[in-house]
Amino acid sequence: MLIKIAFKSLLNRKVTLSLTVLSIAVSVMLLLGVEHVRKEAKESFGRTVSGVDLIVGARTSQLNLLLYSVFHIGNATNNISWPSYQRLAANPKVAWSIPLSLGDSHRGYRVMGTSDDYFKYFRYGSKQLLGFVKGKPFEGVFDVVLGYEVAQQLRYQLGQKIVLAHGLGKSSFTKHDDKPFRVVGILKPTGTPVDQTLHVSLAGIEAIHLGWQNGVKTPGLELSAEQALQHDLRPKTVTAFMLGLKSKMATFQVQREINKFKKEPLMAILPGVALAELWQMMAGMEKLLLLISALVLIASLLGMSTMLLASMRERIAEMAVLRAVGASPWVIFLLIELEALLIASAGIVFAMLGLWIALVSSQDILSVRFGLFVSANLWSIETFNLFAVILGATFMMALIPAVGAYRSSLHVGLSQRK
Amino acid sequence: MVQSVINNEYAIDIAELRYGYSGKTGSTLLYLPKWQVAQGEQVFVEGPSGCGKSTLLNLLTGVLSPDAGQICLLGQNLTSLKTRQRDRFRARHIGIVFQQFNLMPYLSVDDNIRLAAHFGSAPSEFLDDKISTLFKHLQLPQRLLQQRADQLSVGQQQRVAIARALVNSPELLVVDEPTSALDDSASQAFMELLLAQSRDNNSTLIFVSHDKRLAHGFDQLVNLPDLNKVVSEGVLDAD
């Protein structure tokens, strides 16, 4: 009966009600969104590399190296010469190595040159190997293997010819249009930046840059694809490489050896340590965001309290009627609290709906632009805990009008005027 | 529940009742040395506004507690009950009709009446019959039941208020200026229905008004200023 009264009384004030619900929905959406994206980002970053012991690149911050080599965010400061790579990869403690060559793109998606060891050793998530939906690893110089999303979004099929662009812009003006690539494989979805990447052989990267100097085509030196194949296509540089070691125990030793490498200034990082540094950097930011969204929520709950408090003035007669039919002051108290909780619950429902829609519609942008894979699945224990906290806060905030109503119904009695 | 039976014959038995005592001025709002109303009696309490009528109503219905003295209703000493027990007693044994605002405006008429039944813990099996009988007697069309309370005319609302007050068959019916918003002929009709219904229900009726013309048909007429000895003690009453 009480729920019915609370419900109908709220519906009786549709305009103020909908504004209050809206303000709560927006603030809950903010809080939930920050929490969700934070959690998902960590998970998505965490699952991107697994089983890689060291990542080696030119000297930079370890975070920068991690970001450009694994997440394809940002750019390398310098390259590693091929002989250096070969020497370091030949270290007896190294089980396998994957060279990476970055810097080209195709319609906004990054192109990565690598060796076929990539398909043999690279692992993601819980140590899963890459699998193919269709096709097989590249063999020829002008073969390309597409990440799942690339194939999906651009509707590419096996055998299709595509042209790579120099640089990373979505509308690059310098295209390697004289040397088209043929799609030979499409990878299974991984939920990592692999899905957003086109994979070619190092020789392929070398071939399309023949006749280029300092990043621009040199007129008169253009070569056709056939001519390019006649050239020495051994790579001269790589951007970075990943190492798997025979024994984890040797990790720090190998890292030290690479850091002390005489021929070139290089650095080796442990992906886990670099990620931890990233989280540490983000921790302050996360807390700040969380604090801001919590404050926004409190502000909107205060707004709700104000709305209920303001309505009490016109509801004195209503309260007198309830008291007359035998409702105790506690019933009045409960009624106000119930109204507040109904408002907050409606806010939560709308917030979930809004956030879900926002996530579903921004998933692509987040994954393409930021390498973030955020699922739209909002159901988790944490979410429910958050709901409990929100409803608890609502209860506390509604104490102001509820206690006021309780006291006035006790003292003002059956009087219908104040 | 504490049963402190003083006199079962009286619907209302008030002794040495004091309320609104203010230590600063040494004044009291209401002081009733003795007032008894027999069960089934229909009493018209008359008094100008500001003589403590609404205070008396709040005390009679157990919403307010007296500072001193006793109020016994139907043999039950109200002053010995806790707030919650008084609320329950009111729900079961007292029907109240206000001046104007009697119904929750956003609930249906039916829900309004059921609300009283709910708090009075009335058995729900005969409730439909009971409500429809009350409506018949109060000359209200049954179709009003499904309408929102604020869609009814004031006259209809006041009659629904009687139905609401009587749904738990209370022993005591307390009515406060119920006709102030009605025109003469409507208020005439209302008074007839009220008296007839309270008699049918064997309820003791306490009717409070400043309008002496409505007193026709009552068993007893009480002048509140005569009853309230505060004034005679020489202290000004402020309501």
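For the structure, check the block above.
Nothing here was measured: the structure is a model prediction, and the numbers come from that model. Going along each chain's sequence as written, the residues are numbered from 1 onward. Chains carry letters from A onward and ligands carry numbers from 1 onward, assigned in written order. Reporting in this predicted model follows two pLDDT cut-offs: at least 70 for local features of residues, and 80 or more for side-chain atom pairs to be given and counted; totals over whole chains, interfaces and linings ignore these cut-offs and use all residues. Computation of side-chain values covers all heavy atoms of the structure but excludes hydrogens and water.

Each helix is a run of DSSP H or I of at least 4 residues and each strand a run of E of at least 2, with the numbering of both proceeding from the N terminus. Broken down by element type, chain B carries 8 helices and 9 strands. Residues counted as buried form 54% of the 239 residues belonging to chain B. A sequence separation of at least 24 residues applies to 73% of the contacts in chain B between residues at least 6 apart. In short, Shrake-Rupley with a 1.4 Å probe defines the accessible areas, and a residue's cover is counted only from the protein chains shown. Accessible surface, chain B: about 10,400 Å² in total, of which carbon and sulfur atoms supply 48%. For the exposure calls, accessible area comes from a 1.4 Å probe over protein chains only, and a residue counts as buried if that area is under 20% of its type's maximum, exposed if over 50%, partly exposed in between. In what follows, residue pairs with any heavy atoms lying within 4.5 Å of each other are defined as contacts.

As a further point, take the sheet that holds strand β9 (residues 220-223) of chain B. Strands belonging to one sheet form pairs held by backbone hydrogen bonds; the direction of such a pair is parallel or antiparallel. Residues and elements named next belong to chain B. With respect to topology, 5 strands assemble into an open sheet ordered β6-β7-β8-β3-β9, the strand pairing being parallel. Edge strands, defined here as strands with exactly one partner in the open sheet, are β6 (94-97) and β9. Averaged over neighbouring strand pairs, the angle between their axes works out to 15 degrees when direction is ignored. By the bridge criterion, 5 bridges tie strand β7 (residues 172-176) to strand β8 (residues 204-209) in an arrangement that is parallel. Note that in β8 the partner of D176 across the bridge is V208. All axes here are fitted lines through C-alpha atoms, helices being fitted over the stretch that makes contact, and every angle between N-to-C directions spans 0 to 180 degrees. Of the strands in this sheet, β6 and β7 are in contact with helix α2 (residues 83-93), which crosses β6 at around 80 degrees. The strands touched by helix α5 (residues 154-166) within the sheet are β6 and β7, with β6 carrying the most contacts at an inclination of about 165 degrees. For two strands to pair, DSSP has to find at least two bridges joining them.

Counted as salt bridges are all cases of a side-chain nitrogen of Lys or Arg within 4 Å of a carboxyl oxygen of Asp or Glu. In this structure the tally under the stated criterion is 21 salt bridges over all chains. In this structure, the salt-bridge partner of D111 of chain B is K8 of chain A, at a minimum N-O distance of 3.6 Å. Taken as a pair, D111 of chain B in helix α3 (residues 109-119) and K8 of chain A in helix α1 (residues 2-11) lie in two separate chains rather than in one. With a relative accessible area of 8%, D111 of chain B lands in the buried category. K8 of chain A sits in the partly exposed class, given a relative accessible area of 28%. If you follow the salt bridges from partner to partner, you end up with R13, R315, E318 and E339 of chain A in one network.

Let us now look at the nonpolar core. Counting residues in each nonpolar core, the largest one holds 159 residues, and the members touching the most others are L322 of chain A together with I12, W35, L73, F135 and I206 of chain B. In terms of residues, this core owes the most to one element, helix α12 (residues 329-370) of chain A, which gives 13 residues. Ignoring anything within four residues of it in the chain, the contact list for W35 of chain B reads I12, D13, I14, V43, V45, L56, L60, I206, Q220, V222 and L227 of chain B. We call a set of buried Ala, Val, Leu, Ile, Met, Phe, Trp, Tyr and Cys residues a nonpolar core when their side-chain atoms join them within 4.5 Å. If you look at the next biggest cluster of nonpolar residues, it comprises 24 residues, including V150, Y156, L198 and I205 of chain A.

Let us now look at the pairing of β8 of chain B. All names here are of chain B. Taken across its 6 residues, β8 has 6 buried, putting it largely inside the fold. Every second residue of β8 is oriented toward a common face, with T204, I206 and V208 on one face and L205, F207 and S209 on the other, all of them buried. Of the strand pairs in this sheet, strand β3 (residues 42-46) and β8 are connected by 5 bridges, and their pairing is parallel. When the sheet's bridge partners are listed, V43 is paired in β8 with I206. Chirality of the crossover, the property in question, places the unit of β7, helix α6 (residues 184-200) and β8 among those that are right-handed. Handedness rule for crossovers: strands pointing away from the viewer, path from the first strand over the helix to the second running clockwise, crossover right-handed.

Before going further, it helps to examine the side chain of R110 of chain A. Residues and elements named next belong to chain A. Tracing the backbone through its elements, the reader meets R110 in strand β4 (residues 109-114). Under the counting rule used here, the positive set is Lys and Arg, the negative set is Asp and Glu, and His together with the chain ends is not counted. For the buried R110, which has no salt bridge, the nearest side chain bearing the opposite charge is D104, at an N-O separation of 11 Å. Contacts described as polar in this section are N or O atom pairs within 3.5 Å, which, within protein, must combine one atom able to donate a hydrogen with one able to accept it, while residues neighboring in sequence count only if both atoms come from side chains. Among the polar contacts listed, one links the side chain of R110 to the backbone oxygen of H72, at a separation of 3.4 Å. There is a polar contact of 3.3 Å between the side chain of R110 and the backbone oxygen of G74.

Turning next to unusual backbone geometry. Where the residue is not glycine, phi is negative for most of them; where a peptide bond is considered, it is trans in most cases. Phi is positive for H72 of chain A, close to 55 degrees, though the residue is something other than glycine. With respect to the helices, strands and loops of the structure, H72 of chain A is situated in the loop between α3 (62-71) and β2 (80-81). We note that Q139 of chain B has phi near 55 degrees; this positive angle belongs to a residue other than glycine. The topology assignment puts Q139 of chain B in the loop between α4 (127-137) and α5. By relative accessible area, which is 56% here, Q139 of chain B ends up exposed.

Residues and elements named next belong to chain B. The 4 strands are arranged β2-β1-β4-β5 in an open sheet whose pairing can be described as antiparallel. Here the strands that pair on one side only, and so sit at the sheet edges, are β2 (30-38) and β5 (76-77). Looking at chain direction, strand β1 (residues 10-19) and β2 are connected through 8 bridges and run antiparallel. Within β2, the residue paired with Y10 across the bridge is A38. Where helix α1 (residues 53-60) meets the sheet, it contacts β1, β2 and β4 (68-73), and its direction lies at approximately 60 degrees from that of β2.

Residues and elements named next belong to chain B. Within α3, 9 of the 11 residues are buried, which leaves it mostly tucked inside the rest of the structure. If you check which residues of α3 are buried, you get V109, D110, D111, N112, I113, L115, A116, A117 and F119. Note on α3: the residue one or two positions beyond its end, S121, has a positive phi of about 45 degrees.

For interface size, the figure often reported is the accessible area lost on association. Counting residues at the interface gives 28 residues for chain A, matched by 26 residues for chain B. Throughout, buried area stands for the accessible area (probe radius 1.4 Å) lost by two parts on being put together, summed over both. Buried area between chain A and chain B, summed over both chains or domains, comes out near 2,400 Å², and the portion from carbon and sulfur atoms is 66%. Taken as a group, M1, V325 and L414 of chain A account for 26% of the area that chain A buries against chain B, more than any other trio of residues on that side. Counting every contact that joins chain A to chain B gives 3 salt bridges. Linking R323 of chain A and D87 of chain B is a salt bridge whose minimum nitrogen-to-oxygen distance equals 2.9 Å.

Taken together, L30, M285, L288, L289, L291, I292, L295, V296, I298, L302, L309 and I400 of chain A make up a surface patch of nonpolar side chains, about 1,000 Å² in accessible area. Following the sequence through the fold, L302 of chain A ends up in helix α10 (residues 271-314). A patch consists of residues exposed above 30% relative accessible area that lack any salt bridge, with like charges linked at up to 9 Å and nonpolar side chains (Val, Leu, Ile, Met, Phe, Trp, Tyr) linked at up to 5 Å.

Further remarks concern the side chain of T197 of chain A. Residue and element names in this part refer to chain A. Along the chain, the position of T197 falls in strand β12 (residues 197-201). A relative accessible area of 0% places T197 in the buried class. At 3.3 Å, the side chain of T197 and the side chain of H72 are in polar contact. Here the side chain of T197 touches P193 through a polar contact of 2.8 Å, landing on its backbone oxygen.

Interpretation in functional terms is not warranted from these geometric data alone.
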